[in-house]
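Reading the structure
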Amino acid sequence: MNAPHNPEVARSVRTGAFNTNVHDLGSSKPGQPPVLFIHGSGPGVSAWANWRLAMPVIAQERRVIAPDMVGFGYTDRPAGIAYNMDTWVQQALDLMDALGVAQADVVGNSFGGALSLALAIRAPQRVRRLVLMGSVGVPFPITPGLDAVWGYEPSLATMKQLLDIFAHSRALVTDELAELRYQASIRPGFQESFSAMFPAPRQRWVDAMASPEAAIRALPHETLIVHGREDQVIPLQNSLTLSQWIPHSQLHVFGHCGHWTQIEHAARFAQLVANFLQEADNTPTQA
């Protein structure tokens, strides 16, 4: 775990029976909760890989906490752990407790969106505002793109194909990025846990991540929903459904954008999130 030259490795925090690798930067003003960023579920993913462009921008104004969820990145991989929503929600709560965070604004990407929804439903008092980006968490037929992502078998050629699925713009899909993400996917333990997480048939994992419609409709939280119009991994319809079910929600759709809103439209995404959270700072009576 000691590799200070690797930007993906940050602070180690004890969460239940294992240690979580967590980025913790910036500081919050009095009465201003930190932002908990929860990454997606691509091969070789880490909090840093997902949020490296957004974290430093948001951290200029408030504290940012971005963990590697168990099974991903540089968090411990305990033998026999169950990779499911109960485990991930508990890890998030244990992390907040360990860091003395009573309440956070939660930003979830894809798989992280499903986890953010589940966290807000199960522990509503621990969440101030929600941001759901290209989110799972409602029922949908698995896309060929998501099936390819979860079914990844390590090779540079396959990683290049996945990057084409993730990003709308070919300019982002460089050989250098493909090599970086491929190397990340074959680090010791990474592919073993990843392949164990979403074995075929994969529709069942989409279904397992969905929260009950009634529970989503009952959410009291102000919610910002963000999606890329050309997303091939998670259908835009997911965010339309969420915007219909969550009473206090707003939806922002980026054109010329795939599944990586926070990277493909980095400055706009960070500004959108910053404005949404600033609004809550100025409105103290939040759910």
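As recorded in an unreviewed UniProt entry, the chain goes by 2,6-dioxo-6-phenylhexa-3-enoate hydrolase and comes from Hydrogenophaga electricum.

Let us look at the UniProt feature "domain: AB hydrolase-1" (unreviewed entry) in the chain. Listed under "domain: AB hydrolase-1" (unreviewed entry) in the UniProt record, and renumbered for this structure, are residues 33-266. Secondary structure across residues 33-266 comprises 43% helix and 14% strand; the distance between its end C-alpha atoms is 23 Å.

Of the pairings in the sheet, the one linking strand 7 (residues 223-228) to strand 8 (residues 249-254) comprises six bridges and is parallel in character. Paired with Ile225 across the strands is Leu251, a residue of strand 8. Once the chain exits strand 7 it traverses helix 11 (residues 236-245) before rejoining the sheet at strand 8, and the crossover so formed is right-handed.

Helix-helix packing: each pair is described by the crossing angle between the helix axes and the interaxial distance. Put simply, helix 3 (residues 85-98) and helix 4 (residues 111-122) touch, their axes get as near as 10 Å, and they point 70 degrees apart. For the element pair helix 3 / helix 4, the angle class is roughly perpendicular. Contact residues: helix 3 offers Met85, Asp86, Trp88, Val89, Ala92 and Leu93, while helix 4 offers Phe111, Ala114, Leu115, Ala118, Leu119 and Arg122. Of the residues in the contact of helix 3 with helix 4, the class split is ten nonpolar, no polar and two charged.

Taken as a whole, the largest pocket spans an internal volume of roughly 160 Å³. Lining the largest pocket are Val57, Ile58, Gln60, Glu61, Arg62, Ala267, Ala270, Gln271, Ala274, Asn275 and Gln278. At the level of secondary structure, the elements contributing two or more residues to the lining of the largest pocket comprise helix 2 (54-58) and helix 13 (266-281). Among the elements that take part in the lining of the largest pocket, helix 13 stands out by supplying six residues, more than any other. Along the lines of polarity and charge, the residues of the lining of the largest pocket split into five nonpolar, four polar and two charged.

Let us now look at the pattern of salt bridges. Two side chains bearing opposite charge may form a pair once their charged atoms approach each other closely. Applying the stated criterion to the full structure yields 15 salt bridges. Salt-bridge contacts for Arg128 lead to Asp281; the nearest nitrogen and oxygen are separated by 3.0 Å. Residue Arg128 is located in strand 6 (residues 127-133), and its partner Asp281 is located in helix 13; the two are separated by 153 residues in the primary sequence. Looking at Asp281, the relative accessible area reads 24%, which means it is partly exposed. What you see here is one network of salt bridges that share partners, running through Arg62, Asp105, Arg128 and Asp281.

About the criteria used
Per chain, the residues get numbers from 1 upward, laid out in the order the sequence is written. This being a predicted model, a pLDDT of at least 70 is required before a residue's local features are given, and a value of 80 or more before pairs of side-chain atoms are given or counted; all residues contribute to the totals for chains, interfaces and linings. Heavy atoms from the whole structure form the basis of all side-chain values; hydrogens and water molecules are not counted. UniProt positions are given in the numbering used here, feature names are shortened, and annotations may be inferred rather than shown by experiment. Strands are runs of DSSP state E lasting at least 2 residues, helices are runs of H or I lasting at least 4, and numbering of each runs from the N terminus. In this analysis, strands are considered paired if DSSP registers two or more bridges between them. Here a crossover is taken to be right-handed if, once the strands point away from the viewer, the path from the first strand over the helix to the second is traced clockwise. Interaxial angles span 0 to 180 degrees and are taken between N-to-C directions of axes, which are lines fitted to C-alpha atoms, for helices over the stretch in contact. In these notes the angle categories are as follows: under 35 degrees is roughly parallel, over 145 is roughly antiparallel, 65 to 115 is roughly perpendicular, and the rest is oblique. Residue contacts follow a heavy-atom distance rule, with two residues in contact if any of their heavy atoms lie within 4.5 Å. Lys, Arg, Asp and Glu make up the charged group, whereas Ala, Val, Leu, Ile, Met, Phe, Trp, Tyr, Cys and Pro make up the nonpolar group; the residues left over, Gly among them, are polar. Cavity and pocket criteria rest on a 1 Å grid covering protein atoms alone: a 1.4 Å probe that fits but cannot get out defines a cavity, protein on both sides within 12 Å along at least 5 of 7 lines defines an open pocket, and an atom within 4 Å of a point defines a lining residue. Grid points are joined across faces, edges and corners, and a volume is the space filled by probe spheres set on the points. Any carboxyl oxygen of Asp or Glu within 4 Å of a side-chain nitrogen of Lys or Arg constitutes a salt bridge here. Type-normalised accessible area, obtained with a 1.4 Å probe on protein chains alone, sets the label of each residue: buried when under 20%, exposed when over 50%, and partly exposed for intermediate values.

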